[in-house]
Each structure stands twice: as C-alpha cells, then as structure tokens.
Amino acid sequence: MHRVFVYGSLKRAQPNYPYMTDSNNGKAELLATATTVQKYPLVIATQYNLPFLLNLPGQGHRVHGELYKVDEKMLKYLDWFEKVPTMYQRTVVELEINELADVADEELSPGNITEAFLYSTTTYQPDWPSLPAYQSYDSNGDHGLKFVLREDRH
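Bear in mind that the values here come from a model prediction, so they are computed numbers and not experimental data.

Caption draft 1: Region of interest: empty space enclosed by the protein. What the rule picks out here adds up to one cavity of 30 Å³ or more. Estimates place the volume of the largest cavity at around 240 Å³. Along its surface, the largest cavity is lined by 18 residues, and Ser 9, Pro 51, Phe 81, Glu 82 and Tyr 88 are the ones closest to its centre. Mapped onto the lining of the largest cavity, the elements with two or more residues apiece are strand S1 (2-6) and strand S4 (50-53). For the lining of the largest cavity, a count of residues per class yields 11 nonpolar, three polar and four charged.

Caption draft 2: Looking closely at helix H2 (residues 72-81). Taken together, the buried positions of H2 are Met 74, Leu 75, Tyr 77, Leu 78, Asp 79 and Phe 81. With its phi angle positive at about 55 degrees, Lys 83 sits one or two positions after the end of H2.

Caption draft 3: Highlighting the pairing of strand S6 (residues 89-100). Alignment of strand S2 (residues 28-40) against S6, held across five bridges, turns out to be antiparallel. Across the sheet, the residue bridging to Thr 33 is Glu 99, located in S6. In this sheet, strand S7 (residues 113-120) lies alongside S6 in antiparallel orientation, the contact comprising eight bridges. Looking across to S7, one finds that Thr 91 is bridged to Leu 118.

Definitions and cut-offs
- Residues numbered from 1 in each chain as written.
- Predicted model: local features only at pLDDT ≥ 70, side-chain atom pairs only at ≥ 80, totals over all residues.
- Heavy atoms only, no water.
- 1 Å grid on protein atoms, 1.4 Å probe; cavity = no way out; pocket = protein on both sides within 12 Å on 5 of 7 lines; lining within 4 Å.
- Points joined across faces, edges and corners; volume = space filled by probe spheres on them.
- Helix = DSSP H or I, 4+ residues; strand = E, 2+ residues; numbered from the N terminus.
- Nonpolar A, V, L, I, M, F, W, Y, C, P; charged D, E, K, R; others polar.
- Buried < 20%, exposed > 50% of the residue type's maximum accessible area, 1.4 Å probe, protein only.
- Pairing = 2+ DSSP bridges.

Here you go:
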C-alpha cells in the first residue's frame, strides 16, 4: 500500500473525487486531512482552471489536502490520470497530520509528520509562479474560476 496526498479536484466534494471511490480504479482509503510541511504555490491555471501545485518549495503557502492509503492499482491509475510524467510528476512530500479519519493507523496522530506521494509539476508555463497562490483548493471557491471536467474539454 502507498500513501498519496491530494490537494485539488480529487478531494472529497470536488469534481474528480468519484475517481477516488471507483473500485475499478483500485482501492483508496481516506486516512486524514493534512498540510504540507513546506510551502508550495498552489495555483489555478490553463483554460480549464485546473489546480496545480508547483514544485517550488518555500514559495506560496502550506497546502491543505487529504491523505489516502491506496493500493498499487490505484497508484497506477492516478499516475495515468495525472499524466505522469508530462503534466505532473509524482514526488514525495512531508505532511503534518491535521485530523484523522475513522481508521486505525498507529503511525498517524494529529501533529505527527509523515511522508506521502504528491502530484506536483515542474512543467508549468513561465507566468504560473506569479498567479495567485492558495492554501486550499475548492472548485467552487471565491476565485470564481470554473473547473472544466475532462469530458468537457475540447
């Protein structure tokens, strides 16, 4: 099993969350909410208003998201979904645990530091680091930028 931190459209109540719960893609179990130990720019970019975490540690904010335990099948699916390595790259990030889900995991408790995979990008446009950075992504947030589902992109 692997741990994956999601910060964007794959979180609960976000447009792509159904992919996390579809057993055809593999198994994913919510472990906790968490925050990156380091700051990163979380921006909304492209004509589709997609969330991107730029791999620029030390800039932006500590990013809030969700920590999942996933099986190998789901990890492979997420790699495909996130277009690794061209659009996103899967790297390891340090996280601070915020609030536990209803799971038993002796290694996790609020305030603990743990590691997980994260989909960030180094393949971004030159102006993206100057875009507004967010601590937390919500497709219906005050930013007013409507997320475009994959099936609606032309």
